[in-house]
Amino acid sequence: MSKNETKKQEILDAFQFRHATKEFDPAKKISDEDFQFILETARLSPSSVGYEPWKFLVVQNKELREKLKEMTWGAQGQLPTASHFVILLARTIKDTKYDSAYVENLMLNEKNIPEEIFAQMKVRYQSFQENDLNLLESERSMFDWASKQTYIALANMMTAAAQIGIDSCPIEGFDYDKVQAILAEEGLLEDGHLAVSVMAAFGYRIREPRPKTRKKLEDIVQWIN
Ligand SMILES: Cc1cc2nc3c(=O)[nH]c(=O)nc-3n(C[C@H](O)[C@H](O)[C@H](O)COP(=O)(O)O)c2cc1C
C-alpha cells in the first residue's frame, strides 16, 4: 500500500473504531499528554469568520459530575466512568455580535489584524449577521450559530481521540436550563458571555459496541453534474 493508502485506511479505521461509548472502564485514565492532544485539535478547529466562539470546561470534579448526572439523562453511564468529561460552551450575543468588545479584541490583539482592515471586516460581518444569516433576529439564533461552531470542535476531538485509540461519546441528552443554572452558580459562564452548547465524554470502552450501521452512500449523496 502507498503511504497515502495507508493513511486513508488508518483514518477510516478510526471512524469505524469511534462509537458513542455508553460506559467507560473507570480504571483506565487518559494520559495528560493524550488529553492535551485532543484539546489541541479543538483549539485548531475552524469557526465561521474565525470567531472561535467557544470554551471547553474539563469537568474532573466528582461533586460537579454527580450534580450534572441528575439532569443529564444521556450520560448516566458516562458521567461516573469517563476519564475526562468536557462541557463545550459557546459564546453568547454579548461576545458574538459584530461590534462586541470580544470580537474587537480577538481581531486586533489576537489575530493582529490592522485597524483599517478590521473596520472593513466589521461592515462585512454586520451584513453577514443582519442580512445573510439573519442572526440578529433573536439571541437564540445568534447563540445557535455559535453553538454550531462548537460541534466542529466536538467532531474533531472525537475523531482525533479515535485515531489514538481513545473512546468518546457526544452528549446532548440533558436539561439545558438546569445545566446552565448549575454552571452559572459555579461562576463558570463569564457573567452570561458563555452558555452550554454540548458535552463530550472521553475514556476507554468497557465492552465492545454493536457493529456500526449507516445508510448507504448512494442514499445520502446526490451528484449534480
Ligand atoms: C450531537 C450528538 C449528541 C448525542 N447525544 C447523546 C447522548 O446524550 N447520549 C448518548 O448516549 N449518545 C448520544 N449521541 C450518540 C448518538 O446516539 C450516536 O452517535 C449515533 O446513534 C450513532 O452511533 P455511533 O456514534 O455509535 O456510530 C449523540 C450524538 C451526537 C452527534
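The model shown is predicted, which means the values in this text are computed figures rather than measured ones.

(A) View of the packing of aromatic side chains. Following the criterion strictly, the structure yields 6 aromatic pairs and no others. Between W54 and F56, the aromatic rings sit 6.0 Å apart at their centres with planes inclined by 45 degrees, giving tilted as the arrangement. Joined through ring pairs, the aromatic side chains of Y51, Y125, F128 and W145 make up one cluster. It is R205 that lies over the ring of F17; its NZ or CZ is 4.0 Å from the centre.

(B) Representation of the site of the ligand in the model. Neighbouring the ligand are 14 residues, the closest being A20, K22, G74, G173 and K212. At 2.7 Å, a side-chain N or O of K22 approaches an oxygen atom of the ligand. Residue E172 places a main-chain N or O atom 3.0 Å away from a nitrogen atom belonging to the ligand. For the ligand, the accessible surface in isolation is 620 Å², of which the surrounding protein chains cover 65%. The element best represented in the shell around the ligand is strand β3 (residues 167–171), accounting for 3 residues. Here the shell around the ligand is built from residues that sort into 5 nonpolar, 4 polar and 5 charged.

(C) Fine view of the side chain of R91. Locating R91 in the fold gives a position in strand β2 (residues 84–91). R91 gets classed as buried once you look at its relative accessible area, which sits at 9%. Here the side chain of R91 touches E190 through a polar contact of 3.1 Å, side chain to side chain. In this view, R91 contacts P53, W54, T96, Y102, F143, A146, E190, H193 and L194; residues no more than four positions away in its chain are not counted.

The rules behind these values
- Residues numbered from 1 in each chain as written.
- Predicted model: local features only at pLDDT ≥ 70, side-chain atom pairs only at ≥ 80, totals over all residues.
- Heavy atoms only, no water.
- Phe/Tyr/Trp six-rings, centres within 6.5 Å; stacked < 30°, edge-to-face > 60°.
- Lys NZ or Arg CZ within 6 Å of the ring centre and 35° of its normal.
- Near = heavy atom within 4 Å.
- Polar contact = N/O pair within 3.5 Å; in protein donor to acceptor, adjacent residues only side chain to side chain.
- Areas by Shrake-Rupley, 256 points an atom, 1.4 Å probe, with all protein chains shown as cover.
- Helix = DSSP H or I, 4+ residues; strand = E, 2+ residues; numbered from the N terminus.
- Nonpolar A, V, L, I, M, F, W, Y, C, P; charged D, E, K, R; others polar.
- Buried < 20%, exposed > 50% of the residue type's maximum accessible area, 1.4 Å probe, protein only.
- Contact = heavy atoms within 4.5 Å.

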